[in-house]
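This is what each chain is made of:
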Amino acid sequence: MIEIENLTKQYGSATVVDRVSISVPRGSITVIVGTSGSGKSTLLRMINRLVEPTSGRVVINGIDTTTEPPHLLRRGIGYAIQGHGLFPHRTVAENIATVPRLLGWNGARIQGRVRELLNIFQLDPGAYAAKFPHQLSGGQQQRVGVARAFAAEPAVLLMDEPFGALDPIIRAKAQDDLRDIQRRFGTTIVLVTHDIDEAFRLGDRVAVMSQGRVLQYDRPAALLICPSDPFISRLTGTGDRAMKLLSLTTAGEAAEAGPAEGATVPASATLRDVLSDLLWSGAAVVTVIDAAGTPCGRLTLAGILAHGRPR
Amino acid sequence: MRTIWGGRHAIDRLGALLSLVGLAALITLPFVVFKANRIVPGSPRSLFLLFPLWEVLAFYGVLALVAATALRSVSARVRLAAALIGIAAVTLAIGAAGDVLTPLGNKVVRVSPGASFWVLLICLGLLATDAITRLRPGPAVRVLFLVLFAAVVGAVLASGLLDHLSVMREYDVNASRFAEEARQHVFLALGSVSAAVLIAVPLGILCHRVPRLRAGTLGALNLIQTIPSIALFGILMAPLGALAAAAPFVTDMGIRGIGAAPAVLALFLYSLLPVVANTIVGLGRVSPAAVDAARGMGLTNWQILTDIELILAFPVILTGIRIVLVQNIGLATVAALIGAGGFGVFVFQGINQTAIDLVLLGALPIVALGFSCAVLLDALVETINRTVR
């Protein structure tokens with residue numbers, strides 16, 4: 001649980017972050033989204049005190065962050081940035097081991113953790129542990145950067161545009177993987193991005209920032225259905241907001257009881273994808289199946305369309 | 001491959017140029033010069049008067065073959081072998097000329113290599129260097145070449161092959177002082193560079209961290225760099241002399257207005273700019289993302305400096321050290337003028353006595369020393385660059 005209370009940062013007369021108060025629930029992903037210069041990165045960097053606040057405070061799991069020396073505080077918080085920031089003179093394994101080493105883990109534990117993370121991030125330890133960052137592709141470098149942030153099993157992870165330098169296909173995969181790994185470890189993540197689609201894809205909650213203020217901090221669907229400010233509507237776009245809304249609900253969540261009929265779709269598919277399938281095939285109903293392949297309900301065209309309207 | 005025209009009759013341009021220059025030098029300039037004693041002007045001697053005809057023709061034949069190889073051959077190995085054979089031939093010829101021209105037991109006459117010897121040696125040296133460059137050897141191989149070359153030069157000098165040449169005559173006379181001045185020269189160059197590294201690297205780090213200091217520091221060091229070396233030695237003599245006169249314990253430490261103290265101090269001052277500037281550039285090139293990630297993961301400022309920044313900047317800093325080491329090996333020559341010793345002693349004594357052989361006795365080791373240091377440190381920089389990327 002991260003409590004951000006009345007946090008303000010001023011440089012001279014310019015107020016970069018202006019009395020921001022948000023609360024990030026344990027084990028959730030909060031995405032801070034805004035245009036460049038909105039103060040989102042400064043807000044993130046005040047959480048691990050890379051930037052010292054002018055006023056206000058940050059409380060992580062009940063402890064005020066100012067009670068600890070900054071470098072010790074940071075060792076307990078994962079940190080991943082755009083352009084990965086890998087150390088070019090250290091191997092992949094050494095990069096990932098950075099924080100565990102600072103924390104004084106023993107060699108066997110570090111080695112085991114590095115292998116585990118490389119496997120989780122789909123990099124064969126035998127092939128990649130001894131490689132240097134420049135020998136990897138951009139997507140692989142980014143995965144190592146994120147793996148490094150997870151290395152010391154932090155309860156809280158801060159990410160600043162972690163996927164900004166990736167091409168769209170690799171980025172979508174990296175986002176899905178992050179979501180899975182976050183669920184697996186139960187990590188509390190605060191992620192900064194300027195990409196509203198990324199915010200909707202990843203965020204349990206999304207904070208929209210403009211000119212140093214948080215305009216709205218809510219679930220993604222709420223930002224679409226009842227935006228508190230015209231800026232938010234401009235950011236989310238109104239042209240395809242129904243489709244965006246559909247993409248926030250999965251087939252499993254929306255499935256209705258009824259006889260199995262028509263083609264099958266996985267429960268993890270979004271309603272947007274199911275609708276697209278129905279339009280393409282001309283069918284009016286599909287059967288939803290869970291991960292084991294067992295039918296768990298059905299979806300009709302009318303049922304899906306109802307999810308695309310504010311209720 | 002640099003060629004004038006393609007196909008089977010391709011001619012190598014550098015080879016053509018070097019062959020032409022070498023040929024012109026052989027025709028127009030003396031190969032060997034004879035002097036009745038060390039300070040009278042010499043007179044050239046023709047090789048045809050010194051050796052049997054077939055020996056001279058064989059010598060020219062070898063040079064012609066080397067030139068033909070330089071003109072036509074595309075294989076760098078063959079070109080290198082030809083250049084080395086040429087260097088051996090020229091060296092053997094000049095050594096033999098020394099033996100023939102020196103009457104038995106006579107220590108007064110001087111036999112010097114003439115202008116065409118030096119031109120040929122330079123042309124062959126360039127041919128060899130070009131061939132080595134085309135071979136693209138790694139740093140270890142380059143150091144191996146240097147060691148082999150030094151060993152061969154040492155063996156030739158020790159064999160007595162060149163003992164009747166004027167430079168070796170000067171060496172015989174000055175043998176005991178030669179070793180001493182060699183040590184002193186190395187001490188002046190290495191001592192000043194070591195002291196400069198100890199001061200300049202922290203100064204560079206400070207300038208990197210505090211950008212406001214940068215312009216002022218670099219400006220001041222630039223100003224020092226513009227003072228001519230002889231003037232700087234002179235400028236430092238006065239305050240050091242006054243210091244020594246005022247405080248006897250300073251004199252006890254060996255610091256006086258003349259001698260090694262002002263020389264090392266001046267060389268130290270000249271060394272600061274390249275090392276400070278390269279430290280700033282090296283640290284500036286370190287990826288800001290890596291430093292931000294390091295800080296964000298909880299490395300302390302000291303850990304960021306020693307584990308990340310300095311390691312990544314090291315090749316650039318080492319390049320700065322290489323520049324000042326080679327520079328100071330040259331500049332230390334002038335230090336002989338204020339009594340600091342070193343190879344410059346022979347150079348300036350030779351100039352005063354118009355004994356060009358003595359000048360060479362000082363100048364040739366300086367060139368060899370500077371060249372060796374350049375090769376060694378370049379190899380070191382390249383090796384480190386391969387590990388720190």
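Residues numbered from 1 in each chain as written. Chains lettered and ligands numbered in written order. Predicted model: local features only at pLDDT ≥ 70, side-chain atom pairs only at ≥ 80, totals over all residues.

Student: So what exactly am I meant to see when it comes to the overall build of chain B here?
Tutor: Helix and strand counts for chain B come out as 15 helices and 3 strands. Taken along its principal axes, the extent of the C-alpha atoms in chain B is 80 × 65 × 30 Å. Expressed as a percentage of the 389 residues in chain B, the buried residues total 37%. Here the analysis covers contacts within chain B between residues at least 6 apart in sequence; of these, 73% occur between residues at least 24 apart. (Helix = DSSP H or I, 4+ residues; strand = E, 2+ residues; numbered from the N terminus. Buried ≥ 20, exposed ≤ 12 C-beta atoms within 10 Å, placed from the backbone. Contact = placed C-beta atoms within 7 Å.)

Student: Where do I start with the overall build of chain A in this structure?
Tutor: Within chain A one finds 15 helices and 13 strands. Relative to a compact globule of 311 residues, whose C-alpha radius of gyration would be 19 Å, chain A shows 21 Å and is just as compact. Looking at chain A as a whole, 39% of its 311 residues are labelled buried. Sequence-distant contacts, at least 24 apart, represent 63% of the contacts inside chain A between residues at least 6 apart. (Rg over C-alpha atoms; globule rule 2.2 N^0.38 Å.)

Student: Got a minute to help me understand helix 12 (residues 288–296) of chain B in this structure?
Tutor: Residues separated by three or four positions in an α-helix point in the same direction, a consequence of the helix having 3.6 residues per turn. Listed as buried for helix 12 of chain B are B:A290, B:A293, B:A294, B:R295 and B:G296. Packing partners of the buried residues in helix 12 of chain B comprise helix 2 (70–75) and strand 6 (77–81) of chain A together with helix 13 (301–331) of chain B. Directly after helix 12 of chain B, the chain includes B:G298, whose backbone phi takes a positive value near 100°.

Student: Hey, could you run me through the interface of chain A and chain B in this one?
Tutor: How big an interface is tends to be reported as the loss of accessible area on association of its parts. In this complex, chain A contributes 20 residues to the contact, which on the side of chain B involves 15 residues. The set of elements that each furnish at least two residues to the side of chain A that touches chain B consists of helix 2, strand 6 and helix 4 (98–102) of chain A. Considering each element in turn, the side of chain A that touches chain B owes the most residues, 4 residues, to helix 2 of chain A. When grouped by side-chain class, the residues that make up the side of chain A that touches chain B number 10 nonpolar, 8 polar and 2 charged. (Nonpolar A, V, L, I, M, F, W, Y, C, P; charged D, E, K, R; others polar.)

Student: In this structure, what is going on with the sheet that holds strand 1 (residues 2–11) of chain A? I would like to understand it.
Tutor: Within a sheet, neighbouring strands are paired by backbone hydrogen bonds and run either parallel or antiparallel to one another. Spatial ordering of the open sheet is given by 2-1-4-5 (chain A), a layout of 4 strands whose pairing is antiparallel. Across the chains shown, the open sheet's two edge strands, defined by having one partner strand only, are strand 2 (14–24) and strand 5 (63–64) of chain A. (Pairing = 2+ DSSP bridges.)

Student: Can you walk me through the packing of helix 7 (residues 138–150) of chain A against helix 8 (residues 168–185) of chain A in this structure?
Tutor: A pair of packed helices is captured by two measures, namely the crossing angle of their axes and the spacing between those axes. Residue and element names in this part refer to chain A. Following both chains from N to C, one finds helix 7 and helix 8 inclined at 20°, their axes separated by 11 Å at the closest point. Considered as vectors, helix 7 and helix 8 are oriented roughly parallel to each other. Like other packed secondary-structure pairs, helix 7 and helix 8 cross with a definite hand, here right-handed. Between helix 7 and helix 8, the residues in contact are G139, Q142, V146 and F150 and I170, A174, L178, I181 and F185, respectively. (Axes fitted to C-alpha atoms, helices over the stretch in contact; angles between N-to-C directions. Parallel < 35°, antiparallel > 145°, perpendicular 65-115°, else oblique. Left-handed = near helix turned anticlockwise from the far one by under 90°.)

Student: Explanation requested: the confidence of the model for chain B in the structure shown.
Tutor: Detailed reading of the predicted coordinates is not advisable wherever pLDDT is low. Residue and element names in this part refer to chain B. Looking at chain B, the pLDDT average stands at 88 and 97% of residues meet or exceed 70. Averaged pLDDT values over the elements of chain B bottom out at 72 in helix 10 (residues 248–252) and peak at 94 in helix 12. Across the assembled chains, the prediction reports ipTM 0.87 with pTM 0.81. (pLDDT = per-residue confidence, 0-100.)

Student: Looking at this structure, I do not really get the nonpolar core. What am I missing?
Tutor: Residues and elements named next belong to chain B. Counting residues in hydrophobic clusters, the biggest one holds 136 residues, and the most contacted among them are A263 and V275. In terms of residue count, helix 11 (residues 260–285) provides more of this core than any other element does, 15 residues in total. When sequence neighbours within four positions are dropped, the list of residues in contact with V275 reads A196, V197, A200, V201, G204, I317, G320, I321 and V324. Grouped together as the second largest cluster of nonpolar side chains are 29 residues, L18, F31, L101 and L124 included. (Core = buried A, V, L, I, M, F, W, Y, C linked by C-beta atoms within 7 Å.)

Student: Which parts of the structure should I look at to understand the packing of helix 6 (residues 139–159) of chain B against helix 15 (residues 356–387) of chain B?
Tutor: All names here are of chain B. Where helix 6 meets helix 15, the axes come as close as 9 Å, and the angle between the chain directions of the two elements is 165°. Between helix 6 and helix 15, the angle is such that the two are roughly antiparallel. As for how helix 6 packs across helix 15, the hand of that crossing is left-handed. Together, P139, R142, V143 and L146 of helix 6 and S372, V375, L376, A379, E382 and T383 of helix 15 make up the contact between the two elements. Class assignment of the residues belonging to the contact of helix 6 with helix 15 gives a composition of 6 nonpolar, 2 polar and 2 charged.

Student: Looking at this model, I keep getting lost on unusual backbone geometry. Mind explaining?
Tutor: The phi angle of most residues is negative, glycine excepted, and most peptide bonds adopt the trans form. Located in the positive-phi region is A:E153, a residue other than glycine, with phi close to 50°. Summarising the element assignment, A:E153 is placed in the loop between helix 7 and strand 7 (156–160). Notably, B:T354 is not glycine yet its phi reads approximately 45°, a positive angle. Positionally, B:T354 belongs in the loop between helix 14 (344–352) and helix 15. Assessed through the 12 C-beta atoms surrounding it within 10 Å, B:T354 is described here as exposed.

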